[in-house]
Structures are given as structure tokens and as C-alpha cells.
Amino acid sequence: QVQLVEAGGGLVQAGGSLRLSCTSSGNIFSIKIRNWYRQAPGKQRELVATISSGGRTNYEDYVKGRFTISRDNADNTWYLQMNNMKPEDTAVYYCAALYKSNWGLEYTSWGQGTQVTVPP
């Protein structure tokens, strides 16, 4: 069992920066992949960034060069650093963890979501 709590959402002006955090608890050593998703009004949820347990990262093209995903082993936390924010980044952001149970079955835990707003 893995539980996630998000923080860091809010309003930021275009061109500004914001950092989201996701803090995990439970069997954190079972986590294989740490992700950030976002969902804008009227649109489906989309993957933004991912980081593996080994530190490999990947980004969607529309955030590449502006967003950075990282993890903090000591704090059981991972982050999404967002720079050069654009109005198109406005969405509810969700962290997610892909993990395995003691029997090897895969599950996904989700954060509660945090609103990020960038006025035009």
C-alpha cells in the first residue's frame, strides 16, 4: 500500500515558475515508476513526466526544456519543477506511483490533485 499527498499548486504569472511535490508513505520501496499527470477542463488526463527508480526521466514534448521531474530518496518525495509557465499549462496536476504488491501485482496510487493556474 502506497499513499500520496501533493502540495505546491497555485496561481503563477506567465513566464514564472512553480514547484509541485508529491510525498509518499507506506511501502515506498515497492515503487517502480513515479509520474506527473495533468488534466485541463474538458480534456482527458495526460502524462507529463516520468522518472524510474534508477533516475531515468522522460517528458512530453510540450514541456520538454521547461519542466523537470526529480526525486528525493531521503524525504520519500518527488517533484515537478515548472519554469517558463504558459497559460496552456493550466490544469489539475496529479502525481502517481506505479508499484508492486508483495505478490508482484502492479498497482497505481494517485495523489489528490492540485490546481495550477497561469492567467493569459
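Residues numbered from 1 in each chain as written. Predicted model: local features only at pLDDT ≥ 70, side-chain atom pairs only at ≥ 80, totals over all residues. Heavy atoms only, no water.

A. View of the overall build of the protein chain. When helices and strands are counted, the protein chain shows zero helices and eleven strands. Put simply, the protein chain runs from its N terminus to its C terminus through helices and strands in the order β-β-β-β-β-β-β-β-β-β-β. Relative to the globule expectation of 14 Å for 120 residues, the C-alpha radius of gyration of the protein chain, 14 Å, shows essentially globular dimensions. Considered along the principal axes of its C-alpha atoms, the protein chain spans approximately 50 × 25 × 25 Å. Counting all 120 residues of the protein chain, 39% fall into the buried class. Considering only contacts in the protein chain between residues 6 or more positions apart, those separated by 24 or more positions represent 52%. (Helix = DSSP H or I, 4+ residues; strand = E, 2+ residues; numbered from the N terminus. Rg over C-alpha atoms; globule rule 2.2 N^0.38 Å. Buried < 20%, exposed > 50% of the residue type's maximum accessible area, 1.4 Å probe, protein only. Contact = heavy atoms within 4.5 Å.)

B. Expanded view of the sheet that holds strand β1 (residues 2-7). What the four strands build is an open sheet, ordered β1-β3-β8-β7; its pairing is antiparallel. Two strands lie at the open edges of the sheet, namely β1 and β7 (67-72), each paired on one side alone. Going across the sheet, the axis of each strand differs from the next one's by a mean of 20°, ignoring polarity. When strand β3 (residues 18-26) meets strand β8 (residues 77-82), the two strands line up antiparallel, connected through six bridges. Residue pairing for β8: Cys-22 is matched across the bridge by Trp-78. (Pairing = 2+ DSSP bridges. Axes fitted to C-alpha atoms, helices over the stretch in contact; angles between N-to-C directions.)

C. Expanded view of the side chain of Arg-66. Counting through the fold element by element, Arg-66 comes out in the loop between β6 (57-59) and β7. A polar contact is formed between the side chain of Arg-66 and the backbone oxygen of Asn-84, at a distance of 3.0 Å. Excluding residues within four positions of it along the chain, Arg-66 makes contact with Gln-81, Met-82, Asn-83, Asn-84, Met-85, Lys-86 and Asp-89. (Polar contact = N/O pair within 3.5 Å; in protein donor to acceptor, adjacent residues only side chain to side chain.)

D. Fine view of the state of the cysteines. What the rule picks out here adds up to one disulfide. Bridging Cys-22 to Cys-95, the disulfide has an S-S length of 2.1 Å. The sign of the S-S torsion, about 60°, decides the handedness of the disulfide formed by Cys-22 and Cys-95: right-handed. Taken as a pair, Cys-22 in strand β3 and Cys-95 in strand β9 (residues 91-100) lie far apart in primary sequence, 73 residues in all. (Disulfide = S-S within 2.5 Å.)

E. Molecular detail of the nonpolar core. In this structure, Leu-20, Trp-36, Phe-67, Trp-78, Leu-80, Met-82 and Tyr-93 are the most contacted members of the largest nonpolar core, which totals 27 residues. Contributing elements (two or more residues each) for this core: β1, β3, β4 (31-39), β5 (46-52), β7, β8 and β9. For this core, the leading source of residues is β9, giving five residues. (Core = buried A, V, L, I, M, F, W, Y, C linked by side-chain atoms within 4.5 Å.)

F. Focus on unusual backbone geometry. You will see that Asn-84, though not glycine, has its phi angle at about 50°, which is positive. The residue Asn-84 is located in the loop between β8 and β9 in this model. Asn-84 sits in the partly exposed class, given a relative accessible area of 39%.

Worth remembering: the numbers are spatial, not functional.
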